[in-house]
Each structure stands twice: as C-alpha cells, then as structure tokens.
Amino acid sequence: MEPYDSDGFYLTIEAPEPGDDEASWEIEVSRWVPDDPEEEPGNHTSATGHAVVGCALPVVPTLPVVPTAEEIAHLLTSVDEKPLLLAE
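What counts and how
Residues numbered from 1 in each chain as written. Predicted model: local features only at pLDDT ≥ 70, side-chain atom pairs only at ≥ 80, totals over all residues. Heavy atoms only, no water. Helix = DSSP H or I, 4+ residues; strand = E, 2+ residues; numbered from the N terminus. Contact = heavy atoms within 4.5 Å. Pairing = 2+ DSSP bridges. Axes fitted to C-alpha atoms, helices over the stretch in contact; angles between N-to-C directions.

### Side note on the environment of cysteine 55
Part 1 of the argument: As for its placement among the helices and strands, cysteine 55 is situated in strand E3 (residues 47–58).
Part 2 of the argument: With near-sequence residues (within four places) excluded, cysteine 55 lies in contact with Trp25, Glu26 and Ile27.

Encoded structure:
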C-alpha cells in the first residue's frame, strides 16, 4: 500500500515457507510518516513506514493430515487383536 492510498496505517504479514519449521509468522502494523516534517499527513510527497506494533508467531509443526494405508491397516489390526487398545 502506498502512503497516499491509506489513512497512514498499513499491515504487513510475512508467512514462512512451507516446511520451514524454524521460521515464524511476522505480523506488523506500521504507519507512514512524512519524510518532511512540514508536510501534512496525507498531503506529503514522500513518506517512510515506521512500525507501531508487531509480533512473531512460531510455526507449530503439524502431524500428517492423512494416515497412510499401512498405518490404517496397522491400527485396525491392533484394535482387532486388543479391543481395549483404543481406551488406553
């Protein structure tokens, strides 16, 4: 977003690359500040973004969403052999 298109605030969200468990979500609210202090906000010719508030949210590793056929077969066999296994 450009400074002249906004009310002075803007949101930046940086998402981690898929599979990068060491990365984090970076979320920041910033505000455009005129480079020339004599210019009025909204009527300025140039501005620089300054962070107002931000946070970093770590990536939470996820388990596979869909089990493999072998995993399902193993679970069914195990439960058939030991019915109380699910209760454990």
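### Considerations on the sheet that holds strand E1 (residues 9–14)
Part 1 of the argument: Spatially, the three strands line up as an open sheet ordered E1-E2-E3, and their pairing is antiparallel. Looking at the sheet topology across the chains shown, the edges are occupied by E1 and E3. Between one strand and the next, the sheet's axes are offset by a mean angle of 20 degrees, whatever the strand orientation.
Part 2 of the argument: As paired strands, E1 and strand E2 (residues 24–34) are joined by six bridges and run antiparallel to one another. Across the sheet, leucine 11 pairs through a bridge with valine 29, a residue of E2.

Geometric values such as these leave the question of function open.
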